[in-house]
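# Secondary and tertiary structure notes
Next come the chains, spelled out residue by residue.
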Amino acid sequence: MKKVDEFDYELGDMPKEIDFSGGERGRYAKRFAEGTNLVPISPDLAISFPNAESVNSALRLFVEVAQWTSAAEKAVKNLR
């Protein structure tokens, strides 16, 4: 499959690989208005994160580790 920047189409033309004919207008409008963040996940990551719960769990762990690391760095600076 070609990279996005390699498609030969002019502005306004959609590549044949993209088909919105089965789409539903406004499907996520209510969630968007409520402040829900919809973020597309790369296909290689989607294998490891098959649902929202697994993504949220990983992000919570990431935040916890980042906060712990930040607190540990501050503690080390205070010891000097």
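Here the structure is a predicted model, which means the values were calculated and not measured. (Residues numbered from 1 in each chain as written. Predicted model: local features only at pLDDT ≥ 70, side-chain atom pairs only at ≥ 80, totals over all residues. Heavy atoms only, no water.)

## Observations concerning the overall build of the protein chain
Our working definition: Note on conventions: DSSP H or I runs of at least 4 residues are helices, E runs of at least 2 residues are strands, and numbering of each starts at the N terminus. Per-residue accessibility, obtained with a 1.4 Å probe over protein chains only, is compared with the maximum for each type, and a residue is labelled buried under 20%, exposed over 50%, and partly exposed between these values. A 1.4 Å probe and the Shrake-Rupley method give the accessible areas. Residues count as covered only by the protein chains that appear here.
Looking only at helices and strands, the protein chain features three helices and zero strands. Secondary structure of the protein chain in N-to-C order comes out as α-α-α. Counting every position in the protein chain, which comprises 80 residues, the buried fraction comes to 4%. As displayed, the protein chain has an accessible area near 8100 Å², and 56% of this comes from carbon and sulfur atoms.

## Here's the deal with a nonpolar patch on the surface
How we decide: Within the patch definition used here, like charges are joined within 9 Å and nonpolar side chains (Val, Leu, Ile, Met, Phe, Trp, Tyr) within 5 Å, considering only residues with over 30% relative accessible area and no salt bridge. For this analysis, a salt bridge means a side-chain nitrogen from Lys or Arg found within 4 Å of a carboxyl oxygen belonging to Asp or Glu.
A cluster of nonpolar side chains, Met14, Ile18 and Phe20, forms an exposed patch at the surface whose accessible area comes to about 340 Å². When you line up the elements, Ile18 lands in the segment before helix 1 (29-33). The class for Ile18 is partly exposed, based on a relative accessible area of 40%.

## Side note on helix 3 (residues 52-79)
Rules: What a helix is expected to span follows from its residue count: subtract one and scale by 1.5 Å. Polar contacts here mean pairs of N or O atoms no more than 3.5 Å apart (in protein, one a potential hydrogen donor and the other a potential acceptor; neighbouring residues in sequence count only if both atoms are side-chain atoms).
The terminal C-alpha atoms of helix 3, which comprises 28 residues, lie 41 Å apart, in line with the 40 Å expected from a rise of 1.5 Å per residue. Two or three places before Glu53, at the opening of helix 3, Asn51 has a side-chain oxygen 3.3 Å from that residue's backbone nitrogen.

## Some details on the environment of Ile41
Note the threshold: We call two residues contacting when some pair of their heavy atoms lies within 4.5 Å.
In this structure, Ile41 sits in the loop between helix 1 and helix 2 (43-46). Overall, the relative accessible area of 38% leaves Ile41 in the partly exposed class. In this structure the C-alpha to C-alpha distance between Ile41 and Val55, which are 14 residues apart in sequence, comes to 9.6 Å. Dropping the residues within four chain positions of it, Ile41 is found in contact with Ala46 and Val55.

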